[in-house]
Amino acid sequence: MRVSRLLSKTLRQPPAEADTVSHQLLLRAGMINQVASGVYAYLPLGWRVLRKIESIIREEMDRAGAQELFLPVLQPVELWEETGRHLGFGPIMFSLRDRRDHQLFLGPTHEEVITGIVRRHATSYRDLPLLLYQVQTKFRDEPRPRGGLIRVREFHMLDLYSFDADDAGLEHSYQRMLVAYQNIYRRCGLPALMVEADSGAIGGKVSHEFMALAPSGEDEVLHCPGCGYAANAEKAAFQKGTPSLEEPLPLKEVPTPGVVTIEDLARFLGVPRARTLKAVFYSCCDEVVVASIRGDMEINETKLKRALGCPELRLATEDEARRAGLVAGSASPLGLQGVKTIADDSVARARNLVAGGNRPDTHIRNVNYPRDFTVDILTDIALARAGLPCPCCGRELASERGIEVGHVFKLETYISEKMGAQFQDQDGNLHPLVMGCYGIGLGRLMAAAVEANHDEKGILWAPTIAPYQVYLCPLLTEQAQVRDTTERLYRELEAEGLEVLYDDRQESPGVKFNDADLLGIPLRLTVSPRTLKQASAEVKGRKEKDGQLWPLEGLVTRLRHHPALASPEA
Ligand SMILES: [Zn+2]
């Protein structure tokens, strides 16, 4: 490809709207073009990168024994009504009506569609296991698109669905996908850490995310340097200490004028925050919920949503709280009537806490669970953070930012039971299919690869996903010998099967070298009057500081074995 013919031009300065390194570099390199908020076009160079990622993914899926198919973007509301998951996705779903006033969704994911197909075609144990995948465009109406390709509303995704006869089969399929995913990231030159994750609106109990660690990542990963435990902060657990052995003391009311916050309360009474009980009011599906936790901890709203089984959760307004009879600053689950209550399991291990008296300016000492109060739900709703003890070995958890570049779920029978997707075993008995689902966003992987591999000059693509392998760069093209040698090299390199970006423009060496670096082409081949004097060209890897003169004789065949073109899997 001749640079003079390329659609896109490079930019010297990042556009003002670019908020992450990958966003800036992909725009500056002319790889993507924003069309609307969270909606991007891939320009020719960027599309080549995406297609290469796609073909690596295809190879790994096929190698894992999966079959490719293609499912529609338009999905009828009836399929979603079978599982009810559209309620969990909520306003993320792009919804539309056709000319017959029939409601359709633009698919954010395809579990309903694939299960609707598999229940018709795979009805016997002999049909299992099945691994089915596609690369398809998905739509999610994200509230806050950001980071260029990192959080978008229309995106390409690999999604694979596994169908097995039992949990052991699912485990086998799941492990197979974990290996395939690790291969994909390695081949794209992107180190990714597997972490425990929340299943969110997709469903199921067990899920893992693959995280590319980057300061611009929107997720927090907590991990243990001791035992390797790693989890998204939304999901992470921690040790909350051994249960207190103190004897429960009698309840005692104390006046606390003007005391509203836990900090005020701890200071006023001279007790550590860990000896207080904090109550927070939420509005959850039009109902006020009182969530309680030990005063030194924070509530994790992802865990809270999951425990309540409610997709939409927010802090209650003062008005909602008052109408529910709650006294801000002095609320607790003690003696509460007619309000839904949930508490973190830390309150059940503590003794003699100070809690709100549900009357203004009043608190109560020596509150003990379950002697003095009970709750509708008692479970882990605490937010883990760096410095707290690892749930497995007790070492201090460390924190990193990460970009989620893959998410895998054990759905088990969560969807197949709702959709009546069953198979017959050897004895003719019917069982629900045991499912898993697995997804990688291609554009996000591309952005994460840039976040992980760049320097101050531009992108450092792994040779496996670089748009071109060689940047052919003649200097002083007005000299016939330079021009003729480069044209000949261009033909020979392409004949050798190398992908060449040929900078045939009449630009200064500075402009050409800067563009070669910005675009991140792994190998630069420079021809100038100076190199020709020694019958050579200068060969320089993108990551190398200086180039080397290679004789023109035999250069084309030697170039293929340059270390800068060696794939990361080698
Ligand atoms: Zn640990």
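Data block above holds the structure.
Residues numbered from 1 in each chain as written. Predicted model: local features only at pLDDT ≥ 70, side-chain atom pairs only at ≥ 80, totals over all residues. Heavy atoms only, no water.

(A) Region of the structure containing the overall build of the protein. A tally of helices and strands in the protein yields 16 helices and 31 strands. Projected onto its principal axes, the C-alpha positions of the protein cover 100 × 65 × 50 Å. Taking all 570 residues of the protein together, 54% fall into the buried category. Relative to all contacts within the protein whose residues are 6 or more apart in sequence, the contacts with residues 24 or more apart total 71%. (Helix = DSSP H or I, 4+ residues; strand = E, 2+ residues; numbered from the N terminus. Buried < 20%, exposed > 50% of the residue type's maximum accessible area, 1.4 Å probe, protein only. Contact = heavy atoms within 4.5 Å.)

(B) Local environment of the coordination of the zinc ion. Binding of the zinc ion to the protein goes through C224 (SG), C227 (SG), C390 (SG) and C393 (SG), at separations of 2.3 Å. Angles of 96 to 118° at the metal separate the 4 donor atoms of the zinc ion, which places the site in the tetrahedral class. Read from N- to C-terminus, the donor residues coordinating the zinc ion fall into the pattern C-x2-C-x162-C-x2-C. Owing to a relative accessible area of 41%, C227 belongs among the partly exposed residues under this scheme. (Donors = N, O, S within 2.8 Å, 3.2 Å for Na, K, Ca; no water. Tetrahedral: all angles 85-135°; square planar, octahedral: opposite > 155°, others 65-115°.)

(C) Spatial organisation of the pattern of salt bridges. Inspection of the entire model under this criterion finds 41 salt bridges. Three or more residues joined by partner-sharing salt bridges are found here, namely K240, K303, D344, D345 and D380. (Salt bridge = Lys/Arg side-chain N within 4 Å of Asp/Glu carboxyl O.)

(D) Structural detail: helix α2 (residues 44–63). When the terminal C-alpha atoms of α2 are compared, their 28 Å separation across 20 residues agrees well with the 28 Å that a helix rising 1.5 Å per residue should span. Residues of α2 that are buried include every one of L45, G46, V49, L50, K52, I53, E54, I56, I57, E60 and M61, and no others. Looking one or two places after α2, you find G65, whose phi comes out positive at around 90°. (Expected span 1.5 Å × (residues − 1).)

(E) Spotlight on the packing of helix α1 (residues 21–28) against helix α12 (residues 442–452). Contact pair α1 / α12: the axes reach a minimum separation of 8 Å and the direction vectors enclose 100°. Between α1 and α12, the interaxial angle falls into the category roughly perpendicular. Contact with α1, carried on its side by V21, S22, L25 and L26, involves M446, A447, V450 and E451 of α12 and no other residues of that element. (Axes fitted to C-alpha atoms, helices over the stretch in contact; angles between N-to-C directions. Parallel < 35°, antiparallel > 145°, perpendicular 65-115°, else oblique.)

(F) Quick peek at the sheet that holds strand β15 (residues 287–294). One open sheet holds the 5 strands; their spatial order is β16-β14-β15-β17-β20, and the pairing between them is mixed. Edge positions in the sheet fall to β16 (313–315) and β20 (377–379), since each of these pairs with one other strand and no more. Sheet twist, expressed as the average angle between the axes of neighbouring strands with direction ignored, equals 30°. Sheet analysis places strand β14 (residues 277–284) next to β16, joined by 3 bridges and oriented antiparallel. (Pairing = 2+ DSSP bridges.)

(G) Local environment of the packing of α2 against α12. Packing of α2 against α12 brings their axes to within 10 Å, and their N-to-C directions diverge by 110°. Considering the angle they form, α2 stands roughly perpendicular to α12. In this structure, α2 contributes G46, V49, L50, I53, E54 and I57 to the contact, and α12 contributes L442, G443, L445 and M446. In the contact of α2 with α12, the residues fall into 7 nonpolar, 2 polar and 1 charged. (Nonpolar A, V, L, I, M, F, W, Y, C, P; charged D, E, K, R; others polar.)

(H) Quick peek at the packing of aromatic side chains. For the structure on display, the rule yields 10 aromatic pairs. Relative to Y185, the ring of Y181 lies with its centre 6.2 Å away and its plane at 85°, an arrangement referred to as edge-to-face. Residue Y181 and its partner Y185 are both found in helix α6 (residues 167–187); the two are separated by 4 residues, about one turn of the helix. When its relative accessible area of 0% is taken as the criterion, Y181 is described as buried. Residue Y185 is classed as buried on the basis of its relative accessible area of 1%. Judged by centre distance (5.3 Å) and plane angle (40°), the ring pair of Y185 and F210 falls under tilted. In this pair, Y185 is assigned in helix α6 and F210 in strand β10 (residues 206–213), connecting sequence segments 25 residues apart. Residue class for F210 comes out buried when judged on its relative accessible area of 0%. An aromatic cluster of three or more residues is present, and its members are W80, F89 and F105. (Phe/Tyr/Trp six-rings, centres within 6.5 Å; stacked < 30°, edge-to-face > 60°.)

Scope: geometric values only; no functional claims are made or implied.
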